[in-house]
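Examination of the molecular architecture
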Amino acid sequence: MNAPLPAQVLKQHLIDPEICIRCNTCEETCPVDAITHDSNNYVVDPDICNGCMACVPPCPTGSIDNWRLMVRSEAYSVQEQFGWEELPKEKALPVVDDAAAPSSDEASDVLAQPAAQTTFTLPGASVPPWSAAHPYVNLYTHKAPMTATVVGNYRVTGADTESDIHHIVLDFGELPFPVLEGQSIGILPPGVDAQGRPHHARQYSLASPRDGERAGYNNLSLTVKRVTEDHGGVAAHGVCSNYLCDLAKNDTVQVIGPFGHTFLMPNHPRANLIMICTGTGSAPMRAMTERYRRRIDTGENGKLMLFFGARTERELPYFGPLMKLPRDFIDINLALSREPGQPKRYVQDLIRDRAGQVRELLADRNTCIYVCGLKGMEVGVLDALRDVTMQGGQDWSILHDMLRREGRLHFETY
Ligand code: NAP
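Notes on the structure follow. (Residues numbered from 1 in each chain as written. Predicted model: local features only at pLDDT ≥ 70, side-chain atom pairs only at ≥ 80, totals over all residues. Heavy atoms only, no water.)

**Concerning the side chain of S184**
Tracing the sequence through the fold places S184 in strand β7 (residues 184-188). Within polar-contact distance, the side chain of S184 engages the side chain of Q203 at 2.8 Å. What S184 contacts, discounting residues up to four positions off in sequence, is Q203, Y204, S205, L206, P258 and F259. (Helix = DSSP H or I, 4+ residues; strand = E, 2+ residues; numbered from the N terminus. Polar contact = N/O pair within 3.5 Å; in protein donor to acceptor, adjacent residues only side chain to side chain. Contact = heavy atoms within 4.5 Å.)

**Here's the deal with the sheet that holds strand β15 (residues 409-413)**
The five strands are arranged β13-β12-β11-β14-β15 in an open sheet whose pairing can be described as parallel. Single-partner strands in this sheet number two, and they are β13 (331-336) and β15. Going across the sheet, the axis of each strand differs from the next one's by a mean of 10 degrees, ignoring polarity. As defined by bridge partners, strand β11 (residues 272-278) adjoins strand β14 (residues 367-373) across six bridges and the pair is classed as parallel. When the sheet's bridge partners are listed, I274 is paired in β14 with I369. Relative to the sheet, helix α5 (residues 283-293) contacts β11, β12 (304-310) and β14, its axis offset from that of β11 by approximately 150 degrees. (Pairing = 2+ DSSP bridges. Axes fitted to C-alpha atoms, helices over the stretch in contact; angles between N-to-C directions.)

**Here's the deal with the packing of aromatic side chains**
Within the structure shown, the criterion is met by four aromatic pairs. Consider the rings of Y76 and W84, whose centres lie 5.0 Å apart with planes at 80 degrees: the pair is edge-to-face. Judged by relative accessible area, which is 5%, Y76 ranks as buried. Members of the aromatic cluster, connected to one another through ring pairs, are Y140, F172 and F177. Of note, R286 hangs over the ring of Y318, and the distance from its end group to the ring centre comes to 5.0 Å. A cation over an aromatic ring shows up here: R295 above the ring of Y292, its NZ or CZ 4.6 Å from the ring centre. (Phe/Tyr/Trp six-rings, centres within 6.5 Å; stacked < 30°, edge-to-face > 60°. Buried < 20%, exposed > 50% of the residue type's maximum accessible area, 1.4 Å probe, protein only. Lys NZ or Arg CZ within 6 Å of the ring centre and 35° of its normal.)

**Re the nonpolar core**
If you look at the biggest cluster of nonpolar residues, it comprises 25 residues, and the most contacted ones within it are I276, F307, I351, V358 and L362. Elements that contribute at least two residues to this core include exactly β11, β12, α7 (347-353), α8 (355-362), β14, α9 (377-391), α10 (396-405) and β15. Per-element tally for this core: the top contributor is α9, with six residues. Non-local contacts of L362, meaning those with residues more than four positions away in its chain, are made with I274, I369, L385, V388, T389, L399, L403 and R408. Counting 23 residues, the second largest nonpolar core, distinct from the first, contains Y292, A310, L316 and Y370. (Core = buried A, V, L, I, M, F, W, Y, C linked by side-chain atoms within 4.5 Å.)

**What to know about the site of the ligand**
The local shell around the ligand holds 22 residues, among which T223, K225, S337, R338 and Y346 are the closest. Residue T223 places a main-chain N or O atom 2.8 Å away from a nitrogen atom belonging to the ligand. Q348 has a polar side-chain atom sitting 3.2 Å from a nitrogen atom of the ligand. For the ligand, the accessible surface in isolation is 930 Å², of which the surrounding protein chains cover 84%. Looking at the shell around the ligand, the elements with two or more residues in it are β8 (202-205), β9 (219-225), β12 and β14. (Near = heavy atom within 4 Å. Areas by Shrake-Rupley, 256 points an atom, 1.4 Å probe, with all protein chains shown as cover.)

Keep in mind these numbers describe shape, not what the thing actually does.
As structure tokens, then:
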């Protein structure tokens, strides 16, 4: 009677180091700061994690969704997890003394129980739009990458500017690599890190639509900025970005993925897109815009509204081709922050300038919003959307909830 429940049993949350692409999404999402990382792995602290699951939907690879039944005192420590190259094999739980053992119902209660009541809200949706096409993910992994051939690599920013951004086209030959706009891939740079371990994959969004950079060809494109300094302006050599920007035609590259199951475009006719991006965050917007451009004569398209931020016109990737798009096809709003002789403008300023049109699109249930680029823009963009909504006499919190629930507001920021 009244035997104590085996509180010593823990459903331990683990991250699979073989699939994880170290994108930092889980660490940013975790409401209790249970996730941390070193130069090798992202790991979950068993003493802090409460199993709230907030980190699971945003993970682009699914590597976050691993759970092991453990005797609590034997839980894998953070230090152990840092050293892993792969998840350890499942261990059988020891047989517990019958008198102290819970019935199976009790046991499942214990295992289900750790989640505390943590309320946490993501800025965007954790589900795709209802009509998004089915994405494939993790077809190629660290252990079994795909070899792609470089068929194009050229600069898409002014040669005299600091922003060295490249458009890189990779071809997959005969092998399948099905992708959707908004998805990303991982590139495995050659060589080893300071600890002598192979470099981890770096994640890049696709800049081309599902039917290829060149329609009907088995290829895709990326938008890559050569990293020569860190966010604080200190000189730093980006391992993968420099590798990619220096590739020549016919070089081969190791690719994993595809990744991403929520930042996807709607697939139903007359869906409108509001696209908000900075710098290389324009990659998925190019993919979606090109998808629409290729069916411009079908009558299926809804409206496209683009807010694109860059330092100057010459540092704005794809400036030339973008400006050639018909104005009745896409409503383009460029926010230039360092254009000589012009006031500093951010995308959120332009959203406010265009409040009427933004409100009209937000009022349409067929509108989806995509935000990609610098992490810092997230708050500014949400504030601007709130302001334009409230100016129209609407309650932003109700609309914001609806946009999230219906998979109509998506963020991908770094
Ligand atoms: P950047 O040139 O540093 O900045 C682009 C523009 O954003 C500049 O005009 C900048 O203004 C402005 N900006 C700075 N802070 C802002 C804020 N808080 N709100 C709104 N605008 C702001 O951009 P970048 O180096 O290309 O970086 C783009 C980001 O996209 C990177 O973090 C990258 O990791 C990420 N990303 C890349 C990919 C890809 O596939 N390559 C995919 C997804 C995301 P200032 O003059 O003030 O600097």
